[in-house]
Amino acid sequence: MTTRRTRPAPRPPEGTPPRAELARQARHVLADAVRIARWAAAARGTDTAPRTGPAQERAATALALTPGQIQAGWDRARLAGLVELHGGTARPGWRLHAWDRDDTAVLRGWVALFDAWSLVHPSPEDVAPGAVAEVVEAVPQVLSLLQLSQGPVHVPVLLDLLGQRVEELREERCEVPASGPAPETPDTPGVDGLPALLDWALEGLAAVGALTLDPGAPERHATLTPLGNWAVWVKLEQICVAAQSPAGNIEQSAEDMLRGCARLTPGPARAEYRAWLAARTLSSAVTELLAVARGEDALLRGLAFEALRVVGAPAEAEVRATVAEPSLRPYALLWIAEYEGADPDDAQEVLTREEATWLWVDTAAAVADHGESELLVRHLDSAVQGTVPALLDEVRAVGHPRTVQVLVALAAAHPDPALAKAVRRAAFQVHTGGA
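Reading guide: rules and limits
Residues numbered from 1 in each chain as written. Predicted model: local features only at pLDDT ≥ 70, side-chain atom pairs only at ≥ 80, totals over all residues. Heavy atoms only, no water. Helix = DSSP H or I, 4+ residues; strand = E, 2+ residues; numbered from the N terminus. Polar contact = N/O pair within 3.5 Å; in protein donor to acceptor, adjacent residues only side chain to side chain. Contact = heavy atoms within 4.5 Å. Pairing = 2+ DSSP bridges. Axes fitted to C-alpha atoms, helices over the stretch in contact; angles between N-to-C directions. Phe/Tyr/Trp six-rings, centres within 6.5 Å; stacked < 30°, edge-to-face > 60°. Buried < 20%, exposed > 50% of the residue type's maximum accessible area, 1.4 Å probe, protein only. Salt bridge = Lys/Arg side-chain N within 4 Å of Asp/Glu carboxyl O. Core = buried A, V, L, I, M, F, W, Y, C linked by side-chain atoms within 4.5 Å. Expected span 1.5 Å × (residues − 1). 1 Å grid on protein atoms, 1.4 Å probe; cavity = no way out; pocket = protein on both sides within 12 Å on 5 of 7 lines; lining within 4 Å. Points joined across faces, edges and corners; volume = space filled by probe spheres on them. Patch = residues over 30% accessible without salt bridge, like charges linked within 9 Å, V, L, I, M, F, W, Y side chains within 5 Å. Areas by Shrake-Rupley, 256 points an atom, 1.4 Å probe, with all protein chains shown as cover. Lys, Arg positive; Asp, Glu negative; His and termini not counted. Charge placed at Lys NZ, Arg CZ, Asp CG, Glu CD. Parallel < 35°, antiparallel > 145°, perpendicular 65-115°, else oblique. Left-handed = near helix turned anticlockwise from the far one by under 90°. Nonpolar A, V, L, I, M, F, W, Y, C, P; charged D, E, K, R; others polar.

Caption draft 1: Examining the side chain of Thr-281 more closely. If you trace the backbone, Thr-281 turns up in the loop between helix H13 (266–278) and helix H14 (282–293). Among the polar contacts made by the side chain of Thr-281, one reaches the side chain of Ser-284 at a distance of 2.7 Å. Apart from the residues within four sequence positions on either side, Thr-281 is in contact with Val-136, Glu-137 and Pro-140.

Written out as structure tokens, the structure reads:
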């Protein structure tokens, strides 16, 4: 029996304020967001999300804030988990209920905002998404340097580090040929493009209260705030704890991590997802999980969206974008419905009959590939059609690429000879293109 070596968890930085003081600072950063969330919760009714339109105007008048402040505060309230949006109705999140009495809820809300800094502060419009993603992935290195320095760091020093980290990321992706540096493309910023992106990142982190920017003389410099210093330590601690997780998936790819979680019950699986996510930037983790979801393994597709449920708000934009992809649409619609507050048992109602049937086939494919025949037979009970003949008619029409394999596996597993024969006939008709 081998014993995994564990890393000691890092100690909080010297001079870290008490937890109550950190919570006070977090409440200050999110003060406008809390006011807006409470206004929306009190307004009730429909069209109470004050990001745009009449609701924004009513909130601006009631709270004596500008429309821009209302929009920014509303976005922060959602990212921090202070509000939940159900259709056009805003409802208070659990953190809003606990805001005045629970320092832990406050700090978790602020950390959620910190994780989503790149959503709080829009990236430059003239920069390609690939370039933005590289910088977001490299920012943890910049934050680590700021914490180790325990004081101001000149922006040119941070720029040098950012450039080095971006080059390392490109080498890891084999984007730098042996003959020399990779040519610049719209998605790969050169040295000239990085200063603007570093400015954007520092301004975004300053916007969420993680650091301060000082014009300085002769050069600008950045300094972590106590909240930012504490947040970087929290992330390091999470990585150390994750490295000691029982399943040991922290260093695996998303695909291998999900395969490792396939046999875990939901609670331990979520713990593994959190550990794996803690060791990565959320943007890169979401991209990797969605890449796995687009693959051929239906089990991993479902597990990828379970991991995305753990990510929460920072994954919203990318998950919403996948609604246009037929293979991901049912999963994305369910994710969005639950994110907006629907009970998981009721979320299926957002799917059309065709989407529910497609999802039934996809889930059956996962069971056929990774489960037991008894589970596949029981899966019949989850179909929305209610009868096997109706199910077979709609399964034949839905066009899932695994339909034939699923029906063949179901026919082989089912104990009722007559039903098994009907399923085999349906499989043959799909295979031959018959009616």
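Structure's up, so let's keep going.
Caption draft 2: Seen up close, the sheet that holds strand E5 (residues 221–224). Pairing is antiparallel across the open sheet formed by three strands, whose spatial order is E3-E5-E4. What marks the edges here is a single partner per strand, and that holds for strand E3 (153–154) and strand E4 (211–214). Bridging between E3 and E5 involves two bridges; their strand directions are antiparallel. Bridging across to E5, His-154 finds its partner in His-221. Each of E3, E4 and E5 is contacted by helix H8 (residues 129–149), which is oriented at about 80 degrees to E5, the strand it contacts most. Contacts from helix H10 (residues 194–207) reach E4 and E5 within the one sheet, and its direction differs from that of E4 by about 125 degrees.

Caption draft 3: Seen up close, the packing of aromatic side chains. Scanning the model with the defined rule gives four aromatic pairs in all. Centre to centre, the rings of Trp-110 and Phe-114 are 5.4 Å apart; their planes meet at 20 degrees, and the pair counts as stacked. One end of the pair, Trp-110, and the other, Phe-114, are both in helix H6 (residues 103–115), four residues apart, so they sit about a helical turn from each other. Looking at Trp-110, the relative accessible area reads 0%, which means it is buried. Its relative accessible area of 5% is what places Phe-114 among the buried residues. On the numbers, 5.2 Å between centres and 15 degrees between planes, the contact of Trp-335 with Tyr-339 is stacked. Highlighted residues: Trp-335 and Tyr-339, both in helix H17 (residues 329–339), separated by four residues, approximately one helical turn. Under the relative-accessibility criterion, Trp-335 is labelled buried at 3%.

Caption draft 4: The arrangement of the pattern of salt bridges in detail. All chains considered together, the criterion is met by 21 salt bridges. Its salt-bridge partner being Glu-168, residue Arg-165 comes within 3.0 Å of it at the nearest N-O pair. Of this pair, Arg-165 and Glu-168 both sit in helix H9 (residues 155–172), separated by three residues, roughly a single helical turn. Using a relative accessible area of 18% as the deciding quantity, one classes Arg-165 as buried.

Caption draft 5: Spotlight on unusual backbone geometry. Although it is not a glycine, Ala-64 sits at a positive phi angle of roughly 55 degrees. In this structure, Ala-64 sits in the loop between helix H3 (53–63) and helix H4 (67–79). Residue Ala-64 is classed as exposed on the basis of its relative accessible area, which comes to 70%.

Caption draft 6: Quick look at the nonpolar core. Membership of the largest hydrophobic core comes to 67 residues, with the highest contact counts inside it found for Leu-82, Trp-110, Leu-146 and Trp-230. Take this core: its biggest share by element is nine residues, from H8. Leave out the neighbours within four places in its chain, and Leu-82 touches Ala-33, Val-34, Ala-37, Ala-77, Arg-91, Pro-92, Gly-93, Arg-95, Leu-96 and Trp-99. Of all hydrophobic cores here, the second largest spans 60 residues; its members include Tyr-273, Leu-290, Ala-307 and Leu-359.

Caption draft 7: View of H9. An ideal rise of 1.5 Å per residue puts 26 Å on 18 residues; H9 measures up with 26 Å between its terminal C-alpha atoms. Residues of H9 that are buried include every one of Val-155, Leu-158, Leu-161, Leu-162, Gly-163, Arg-165, Val-166, Leu-169 and Arg-170, and no others.

Caption draft 8: Spotlight on the layout of surface pockets. Its boundaries defined by the atoms lining it, the second largest pocket holds a volume of some 830 Å³. Contributing to the lining of the second largest pocket are 26 residues, with Leu-299, Gly-302, Leu-303, Thr-363 and Ala-366 lying nearest its centre. Going through the elements one at a time, helix H15 (298–311), H17, helix H18 (353–370) and helix H19 (373–379) are the ones with two or more residues in the lining of the second largest pocket. At eight residues, H15 tops the list of elements feeding residues into the lining of the second largest pocket.

Caption draft 9: Just the pairing of E5, in detail. With four bridges connecting them, E4 and E5 associate as antiparallel partners. The residue of E5 that forms the bridge with Asp-214 is His-221.

Caption draft 10: Representation of the environment of Arg-58. Relative to the elements of secondary structure, Arg-58 occurs in helix H3. Here Arg-58 falls in the partly exposed class, since its relative accessible area comes to 40%. Each C-alpha atom, one on Arg-58 and one on Trp-39, is 9.8 Å from the other, the two residues being 19 residues apart in sequence.

Caption draft 11: Expanded view of a positive patch on the surface. On the surface, Arg-19, Arg-108, Arg-270 and Arg-274 cluster together into a positively charged patch. Relative to the helices and strands, Arg-274 resides in helix H13.

Caption draft 12: Expanded view of H4. The terminal C-alpha atoms of H4 lie 18 Å apart, and with 13 residues this matches the ideal 18 Å at 1.5 Å per residue to within 8%. Gly-81 sits one or two positions beyond H4 and adopts a positive phi of about 75 degrees.

Caption draft 13: Layout of the packing of helix H20 (residues 388–398) against helix H22 (residues 417–432). The interhelical angle for the contact between H20 and H22, taken along N-to-C directions, is 15 degrees, at an axis separation of 10 Å. Relative to H22, H20 is oriented roughly parallel. In this structure, the crossing between H20 and H22 has a hand that is right-handed. For the pair formed by H20 and H22, the contact residues are Val-388, Leu-392 and Arg-396 on the first element and Leu-419, Ala-422, Val-423, Ala-426, Gln-429 and Val-430 on the second. Considering only residue class, the contact of H20 with H22 consists of seven nonpolar, one polar and one charged.

Caption draft 14: Quick peek at a negative patch on the surface. Together, Asp-343, Asp-345, Asp-346 and Glu-349 make up a negatively charged patch on the protein surface. Here Glu-349 is to be found in the loop between H17 and H18.

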